[in-house]
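Residues per chain, in single letters:
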Amino acid sequence: MSVSTHDRSLPAKAMASFRLPSAFWLIAPSILFLALFFVFPLLKLVAISLPDGSTEYYHQIFTTPVFLRVIGETFRVSLIVTVVTVAVAYPYAYAMAHGGRAVLLVLTVALLIPFWVSLLLRSFSWIVLLQNTGLINNFLIATGLIERPIRLIRTPLGVIIGMVHILLPYAVLPLYTVMKKIDLRLMEASSICGASWLKGFARIYFPLSLPGVMASAILAFTLALGFYITPALLGSPRDMMIAQMIAGQFTEQLNFGLGAALAVVLMVLTAVAFGLFGAARTALQKRDRRKGEA
Amino acid sequence: MNAALQNTAGTAMKLEGVSKLYGAVKALDNVSFQLRKGEFLTMLGPSGSGKTTSLRAIAGFIQPTAGRLLIDGRDMTGVPPQKRNIGMMFQDYALFPHMTVLENIGYPLETRGIKRAKREKRSMEMLEIVGLAHCAKRYPKEMSGGQQQRVALARALVFRPDIVLLDEPMAALDKKLRGQMQIEIMHITRQVGATVVSVTHDQEEALVMSDRIAIFKDGRLEQIGTPHELYLQPRSEFVADFIGEANLLRGAVRSTSDGTVVEGDGWKACLPKGDPRSEALAKAQKACVVLRPERIHAVLASREAENAGVGVIEDKIYLGVEYRLVVRMNDGGKVNLRSRDVASIASMNAGDRIGMAWTADDIVVIHA
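These numbers were taken from a predicted model, which means no experiment stands behind them.

How each quantity is defined
- Residues numbered from 1 in each chain as written.
- Chains lettered and ligands numbered in written order.
- Predicted model: local features only at pLDDT ≥ 70, side-chain atom pairs only at ≥ 80, totals over all residues.
- Heavy atoms only, no water.
- Helix = DSSP H or I, 4+ residues; strand = E, 2+ residues; numbered from the N terminus.
- Rg over C-alpha atoms; globule rule 2.2 N^0.38 Å.
- Buried < 20%, exposed > 50% of the residue type's maximum accessible area, 1.4 Å probe, protein only.
- Contact = heavy atoms within 4.5 Å.
- Salt bridge = Lys/Arg side-chain N within 4 Å of Asp/Glu carboxyl O.
- Polar contact = N/O pair within 3.5 Å; in protein donor to acceptor, adjacent residues only side chain to side chain.
- Nonpolar A, V, L, I, M, F, W, Y, C, P; charged D, E, K, R; others polar.
- Pairing = 2+ DSSP bridges.
- Axes fitted to C-alpha atoms, helices over the stretch in contact; angles between N-to-C directions.
- UniProt positions renumbered as here; feature names shortened; annotations may be inferred.
- Patch = residues over 30% accessible without salt bridge, like charges linked within 9 Å, V, L, I, M, F, W, Y side chains within 5 Å.
- Areas by Shrake-Rupley, 256 points an atom, 1.4 Å probe, with all protein chains shown as cover.
- Lys, Arg positive; Asp, Glu negative; His and termini not counted.
- Charge placed at Lys NZ, Arg CZ, Asp CG, Glu CD.
- Core = buried A, V, L, I, M, F, W, Y, C linked by side-chain atoms within 4.5 Å.
- Domains from an automatic or database assignment.
- Buried area = accessible area lost by both parts, 1.4 Å probe.

Asker: Would you mind showing me how to read the overall build of chain A here?
Answerer: Tallying secondary structure elements over chain A gives 13 helices and zero strands in all. Its helices and strands in sequence order give chain A the pattern α-α-α-α-α-α-α-α-α-α-α-α-α, from N to C terminus. Over its C-alpha trace chain A gives a radius of gyration of 25 Å, far above what one expects of a compact globule, namely 19 Å for 294 residues. Out of the 294 residues belonging to chain A, those deemed buried represent 38%.

Asker: Would you mind going over the interface of chain B and chain A with me for this structure?
Answerer: When the parts of a complex come together, some accessible area is lost, and that lost area is often used as the size of the interface. Each partner contributes to the interface: chain B provides 26 residues, whereas chain A provides 22 residues. At the boundary of chain B with chain A, the tally comes to four salt bridges. In this structure, Arg56 of chain B and Glu188 of chain A form a salt bridge, with 2.5 Å as the shortest nitrogen-oxygen distance. Summed over the shared surface of chain B and chain A, the result is nine residue pairs in polar contact (both at pLDDT 80 or more). Of all the elements in the fold, those that place two or more residues in the side of chain B that touches chain A are α2 (51-59), β6 (86-89) and α3 (101-111) of chain B. Residue contributions to the side of chain B that touches chain A peak at four residues, all from α3 of chain B. Looking at the side of chain B that touches chain A, its residues break down into 15 nonpolar, three polar and eight charged.

Asker: Would you mind going over the sheet that holds strand β7 (residues 163-167) of chain B with me for this structure?
Answerer: Strand pairing in a sheet relies on backbone hydrogen bonds. The paired strands run either parallel or antiparallel. All names here are of chain B. Taken together, the six strands give an open sheet; going across it, the order is β6-β7-β8-β3-β9-β10, and neighbouring strands pair in mixed fashion. A strand with exactly one partner marks an edge of an open sheet, and here the two such strands are β6 and β10 (220-225). The sheet shows a mean angle of 20° between the axes of neighbouring strands, direction not considered. In this sheet, strand β8 (residues 196-200) lies alongside β7 in parallel orientation, the contact comprising four bridges. Looking at the pairing, Leu165 lines up with Val197 of β8. In the packing of α2 onto the sheet, the strands contacted are β3 (40-44), β6, β7, β8 and β9 (212-217), and the crossing angle to β8 comes to about 150°.

Asker: I would appreciate a short explanation of the pairing of strand β4 (residues 66-71) of chain B in the present structure.
Answerer: Across a regular strand the side chains alternate sides, sitting on one face of the sheet and then on the other. Residues and elements named next belong to chain B. Two strands pair when backbone bridges link them, and strand β1 (residues 11-22) and β4 are joined in this way by five bridges, in the antiparallel orientation. Across the sheet, Glu16 pairs through a bridge with Arg68, a residue of β4. Sheet topology note: the β4/strand β5 (residues 74-75) ladder contains two bridges and is antiparallel. Across the sheet, Leu70 pairs through a bridge with Asp75, a residue of β5.

Asker: Looking at this model, I keep getting lost on the UniProt feature "domain: ABC transmembrane type-1" (unreviewed entry) in chain A. Mind explaining?
Answerer: Look at the UniProt record and you will see "domain: ABC transmembrane type-1" (unreviewed entry) annotated at residues 71-277 of chain A. With 79% helix and 0% strand, residues 71-277 of chain A has end C-alpha atoms that lie 19 Å from one another.

Asker: For this particular structure, what's the right way to read a positive patch on the surface?
Answerer: Residue and element names in this part refer to chain A. A cluster of like positive charges, contributed by Arg69, Arg151, Arg154 and Arg238, occupies part of the molecular surface. Its location among the elements puts Arg69 in helix α4 (residues 65-98). Since its relative accessible area comes to 45%, Arg69 is described here as partly exposed.

Asker: When you look at the environment of Thr64 of chain A in this model, what are you seeing that I'm missing?
Answerer: All names here are of chain A. Among the structural elements, Thr64 can be located in the loop between α3 (56-63) and α4. Of the residues examined, Thr64 reaches a relative accessible area of 24% and is grouped as partly exposed. Counting along the chain gives 131 residues from Thr64 to Ala195, while the straight-line C-alpha distance between them is 55 Å.

Asker: Please clarify how the nonpolar core should be interpreted in this entry.
Answerer: Across soluble globular proteins, nonpolar side chains show a tendency to be buried alongside one another. Met13, Met43, Ile58, Leu165 and Val197 of chain B are the most contacted members of the largest nonpolar core, which has 58 residues in total. With seven residues, α4 of chain A is the single largest residue contributor to this core. What Met13 of chain B contacts, discounting residues up to four positions off in sequence, is Phe33, Gln34, Leu35, Ile58, Leu69, Leu70, Ile71, Ile163 and Val197 of chain B. Counting residues in hydrophobic clusters, the runner-up holds 35 residues, among them Leu109, Leu157, Met170 and Leu173 of chain B.

Asker: What exactly am I supposed to notice about the UniProt feature "transmembrane region" (unreviewed entry) in chain A here?
Answerer: Per the UniProt record, "transmembrane region" (unreviewed entry) is annotated on residues 23-43, 75-95, 102-120, 126-145, 157-177, 213-234 and 254-280 of chain A. Spanning residues 23-43 of chain A, this segment combines 100% helix with 0% strand, and its end C-alpha atoms are found 28 Å apart.

Asker: Could you clarify how one ought to interpret the sheet that holds β5 of chain B in this entry?
Answerer: With respect to topology, four strands assemble into an open sheet ordered β2-β1-β4-β5 (chain B), the strand pairing being antiparallel. Taken across any chain shown, the strands that pair with only one partner, and hence form the sheet edges, are β2 (25-36) and β5 of chain B.

Asker: Explain the side chain of Ser123 of chain A here, please?
Answerer: Looking at the secondary structure, you find Ser123 of chain A in helix α6 (residues 119-130). Beyond its immediate sequence surroundings of up to four residues, Ser123 of chain A is in contact with Ile166, Ile229, Thr230, Leu233 and Leu234 of chain A.

Asker: When you look at the pattern of salt bridges in this model, what are you seeing that I'm missing?
Answerer: Pairs may arise between side chains of opposite charge once their charged atoms sit close together. Residues and elements named next belong to chain B. Per the counting criterion, the structure on display carries 29 salt bridges over all chains. A salt bridge links Lys121 to Glu125; the shortest N-O distance between them is 3.3 Å. Of the two residues, Lys121 and Glu125 both sit in helix α4 (residues 116-129), four residues apart, roughly one turn of that helix. Judged by relative accessible area, Lys121 falls into the exposed class, the value being 54%. For Glu125, a relative accessible area of 37% gives the class partly exposed.

Asker: How should I be thinking about the domain arrangement of chain A in this particular structure?
Answerer: All names here are of chain A. For chain A, the assigned domains read domain 1 (1-49) and domain 2 (56-290). Measuring from the centre of the C-alpha atoms in domain 1 to the corresponding centre in domain 2 gives 36 Å. The interface is formed by five residues belonging to domain 1 together with ten residues belonging to domain 2. Taking both sides of the interface into account, the surface hidden between domain 1 and domain 2 amounts to around 530 Å²; carbon and sulfur atoms contribute 82%. For the domain 1 face of the interface with domain 2, the top three residues by lost area are Leu45, Ile48 and Ser49, together amounting to 79%. Across the domain 1-domain 2 interface, the total number found is zero salt bridges. Split by residue class, the side of domain 1 that touches domain 2 holds four nonpolar, one polar and no charged.

Asker: So what exactly am I meant to see when it comes to the side chain of Ser191 of chain A here?
Answerer: Along the polypeptide, Ser191 of chain A turns up in helix α9 (residues 185-192). Owing to a relative accessible area of 12%, Ser191 of chain A belongs among the buried residues under this scheme. At 2.9 Å, the side chain of Ser191 of chain A and the backbone oxygen of Glu188 of chain A are in polar contact. The residues contacting Ser191 of chain A, other than those within four sequence positions of it, are Phe61, Pro81 and Gln82 of chain B.

Have a look at this one:
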């Protein structure tokens, strides 16, 4: 009895310091694992890209047009993919958030089932659908809408379709989380104030959903930058993205130093993009905190 | 009803046989009433009585299954909310969290295409009326509940709507603020000459704020009238019980040469011949007598009288200006009475047998 009373009267700080060692030992294995198999190889990669401290590989990357073109192309495709993904994800998440229980169930299942199928398998499936004798072209020809197959595969369009499909769940989920917290009575208030649905959407709903749009865009864009399998299977060599080029340096050219330097460039650019998005999002949150939103 | 109200003649709104069905459930059952310009009407009733459904039908958020809604003589049935020119203060205010107070109040003007400068001027005028001119640049969550309510009221009034709807206006406020805001909302809406329809389940709030009260029960409009009318002439036991305190005595009807008598075990209420209430009971077997607690006089000895009863004092409570007595009748039913005749009540004690007296004018008879 006296012991338990004593325990309860212990200050929180003392309790915390008492627990600290056990908590540390619980996370020690994961820290060790990450240090050994992630941080160390990463440092090694940076070391390989700088043989004897020389920056020649970086110099080569930033002076060779083909590298710059691929980096530019990677950003261009990722940007388009991000815009399309968020645009497709937005109404999807809206339906999930406000369409009722049955709609939510169907849409969630439809979203997550492909999520569990391997990325490789899904990219191959798109070949089956998009090729000249594939499902889409055959259907369009059969209905008489077109006479000759449209070239869908091995084009930037094919890459974008495949990437959007794979990124969709990543974009939908953050949007859904934000949207389901938006009180639809605000839209009622907007309409009784004299606003059409569209006006209310533009002035009330969309601004309140912006944090979700930002989160979706960050995820989609940073993931898109590193895509490898999908552009490799659905794109032409001309639409090569940086990840494919890195793989080429390691597996075909066997130029480990240049490959490593490209990987570091990708990593830094991704970090910069992430940082920019993050800064924009923090600014948005700061504004929202003033308005009292958690 | 005040004089100013009668001067501004004209019907602001009219509901004609409005019904709303949800499957087989009748949320609203053939509701009809009118609203005069400048009037403050409160729809009062327990939850599920149809008062909120009526409000949402007037706003246009739900479409009635049957009936018509006229605003200023125009048929508004089926017209979307944004084209009804109605202001509404929501229960939890529904202020736009990403807009400042000034932007919130200016929003109805913005949707009506009024330019920014004029919009801000009119919003500021409205803010001054609700006493929050110093808060124009704040965001809603930076303000207290009472302040948020004033902003919501300003947003509902700023465009001079034909009708202003208040959905449970006091529900989100703590008790202390309620009384203050009731008076304040009443003053502000009078000042701008608004026609108001409010919804509440709080009878005190309805009595304080309204020119007229509409009492709802089970989707039907039970009775509509001034607070005074409802208190003095309730048409049903429900209304009698809902507005103020009421003793309901159920008894048998008997005709005599002098008039009509309603009587139970140990009490009797007599209505003289020629009294309309007496005539109305001509064919009735049973009736319910409504007696307000302050209309019953406690008398020491039981005596034979036309309007009287006997019982045993169960509780005697001293409330300063008056005594409250709970009296048990012969049939076990209880009657509350209040008396300011402190001197004579002081000598009565719990357990004493007492007589009660009233006059024919004090009673309301409801057909059972």
